[in-house]
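Residue-level structure breakdown
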Amino acid sequence: MTDLAFTITEADRLPDAERAAILADPGFGNHFTDHMVSIVWTREAGWHDAEVVPYGPIPMDPASSVLHYGQEIFEGLKAYRRPDGSIVTFRPEANARRLNESAERLALPHIPESLFTEAIRQLVRIDADWVPGGADQSLYLRPFMIADESFLGVRAAERARFLVIASPAGAYFTGGVKPVSIWLSSDLARAGRGGTGAAKCGGNYASSLLPTRIAAENGCAQVLFTDSATEDTIDELGGMNLFLVRSDGTLLTPRLNGNILDGITRRSLIQLAEDRGLRVEERDITVREWAEGVADGSIVEAFACGTAAVITPIQRLVGDNGLLVDFGDTAPGELTMSLREELTGIQTGIREDRHGWLDAIAPAPAEV
Ligand SMILES: *Cc1c(COP(=O)(O)O)cnc(C)c1O
């Protein structure tokens, strides 16, 4: 099954000049490459019909279970063009593993890790011209799985589809990294104990949209969710994990308590910090500890992290009763920016890949 051969149907490619215009300023999630991957799963036949096809609409029966019961899981990773023109992805096997953990929770089928990584390689190779080479640019890859059985009964689906689409992404912060204000959502949660908080599923995002709108109405870029049981133990942001930095350089981050996502950026930053000899405490952290630590000077930086923005420095935490934390002019902090520089340096080939995190997808053009 892992040796599944891909059938390739070439697309009518976007003309070079039009693609170049898009890559000059791609934004995020606006434009899609010429191809996509589609692989079908049925209970009887397993994974089959692996295809690279022209990007476009997918056939969908109105009774498809994903449209009614939300069986959708996804991943997000990036392909980077290095200074020599070669292309790499970052820890794709970690995304494969996590997709399967999400699949387990949503009663969707597991996909062999080698089939997942091969699907990524196929798409990036055929659409290699779409991997931009500008500062902080990348090709964002979105693998996802849906249950597309035509059946209104409520049970684990017996038919699913795995797809990969790709979208060129520009610098997340134009004109330098900007610290953000975040909103503490006190009554609306994205996940509860025993729920799907640790799975990367569309439903978690659906439940984060109203609090995100409330955050925006209060001048905040992101929402911080707390454990719905205590309302004071910090979980994470809607799509990013959170770190605090103590004045002695120790990093604090919420432990994987079953509500929060096991972020690959989070995990990589923990490794990089430990490589520097810094302590990293993965444990319960309360909003009160954060606020008191900033007030007495023991907590000096905060940042959020995830594949899309890498690291976003946090300047303020705002709640219903006003300002809870304010780092003022000291944000972004020094360690925040130095970890950001190290991680993006590894991803783009400026720094050594000590941990073997990169998967070489396409050689430099001169070597072809
Ligand atoms: C994807 C995601 C993250 C970040 O994970 P990375 O692997 O670092 O991109 C964090 N929180 C949630 C809820 C997510 O969906």
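Each chain has its residues counted from 1, running along the sequence as written. Whole-chain, interface and lining totals are the exception, using all residues; otherwise, since this is a predicted model, local features are given only for residues with pLDDT of at least 70 and side-chain atom pairs are given and counted only at 80 or more. The side-chain values count all of the structure's non-hydrogen atoms but skip hydrogen atoms and water molecules.

In the nomenclature of an unreviewed UniProt entry, the chain corresponds to Branched-chain-amino-acid aminotransferase from the organism Leucobacter ruminantium. UniProt positions are given in the numbering used here, feature names are shortened, and annotations may be inferred rather than shown by experiment. Database annotation for the chain, UniProt heading Cofactor (unreviewed entry): "pyridoxal 5'-phosphate". Check the Sequence similarities (unreviewed entry) section of the UniProt entry for the chain; it says "Belongs to the class-IV pyridoxal-phosphate-dependent aminotransferase family."

**A few points about the overall build of the chain**
What the chain contains, in helices and strands, is 8 helices and 18 strands. We compute the radius of gyration over the C-alpha atoms and compare it with the globule rule, which gives 2.2 Å times the number of residues raised to the power 0.38. Here the C-alpha radius of gyration of the chain, 21 Å, is about what a compact globule of 368 residues would show, namely 21 Å. Projected onto its principal axes, the C-alpha positions of the chain cover 60 × 55 × 35 Å. Note on classification: 1.4 Å probe, protein chains only; a residue is buried when its accessible area is under 20% of the maximum for its type, exposed when over 50%, partly exposed between these limits. Sorting the 368 residues of the chain into buried and exposed places 52% on the buried side. The contact criterion used throughout is that any non-hydrogen atoms of two residues lie within 4.5 Å. Across the chain, contacts joining residues at least 24 apart in sequence account for 71% of those joining residues at least 6 apart. Under the convention used here, a 1.4 Å probe and the Shrake-Rupley method define accessible areas, while residue burial counts only the protein chains that appear. Total accessible area computed for the chain in this model is approximately 15,800 Å², and 50% of it derives from carbon and sulfur atoms. Asp and Glu are treated as the negative residues and Lys and Arg as the positive ones, with His and the ends of the chain left uncounted. In plain terms, the charge of a residue is placed at NZ if it is Lys, CZ if Arg, CG if Asp and CD if Glu. Across the chain, the mean location of the 33 positive side-chain charges is 2 Å away from that of the 53 negative side-chain charges. The helix and strand labels rest on DSSP assignments: H or I over at least four residues marks a helix, E over at least two residues marks a strand, and numbering proceeds from the N terminus.

**Quick notes on the site of the ligand**
The nearness test applies per residue and asks whether one of its heavy atoms lies within 4 Å of the molecule or strand. Taken together, 15 residues lie near the ligand, and Lys 200, Tyr 205, Glu 236, Thr 265 and Thr 307 sit nearest. Within 3.5 Å is the distance limit for a polar contact, defined as a pair of N or O atoms, with the added protein rule that one can donate a hydrogen and the other accept it, and that residues adjacent in sequence qualify only through two side-chain atoms. At a separation of 2.7 Å, an oxygen atom of the ligand approaches a polar side-chain atom of Lys 200. With respect to the ligand, the backbone of Ile 264 contributes an N or O atom lying 2.8 Å from an oxygen atom. The protein chains hide 97% of the 380 Å² of surface that the ligand would expose on its own. The nonpolar class holds Ala, Val, Leu, Ile, Met, Phe, Trp, Tyr, Cys and Pro. Asp, Glu, Lys and Arg form the charged class, and all remaining residues, Gly among them, are polar. Split into classes, the residues belonging to the shell around the ligand amount to 4 nonpolar, 7 polar and 4 charged.

**A few points about the pattern of salt bridges**
Throughout this description, the term salt bridge denotes a Lys or Arg side-chain nitrogen within 4 Å of a carboxyl oxygen of Asp or Glu. For the structure on display, the rule yields 26 salt bridges. Note that Arg 19 and Asp 16 form a salt bridge whose closest N and O atoms lie 3.3 Å from each other. With Arg 19 and Asp 16 both in helix α1 (residues 16–24) and 3 residues apart, this pair spans about one turn of that helix. On the accessibility criterion, Arg 19 (12% relative accessible area) is buried. Residue classification places Asp 16 among the exposed residues on the basis of a relative accessible area of 53%. Here Arg 121 ties to Glu 118 by a salt bridge, and the two come within 3.5 Å at their closest N and O atoms. Here the residue Arg 121 and the residue Glu 118 both occupy positions in helix α4 (residues 113–126), the gap between them amounting to 3 residues, near one helical turn.

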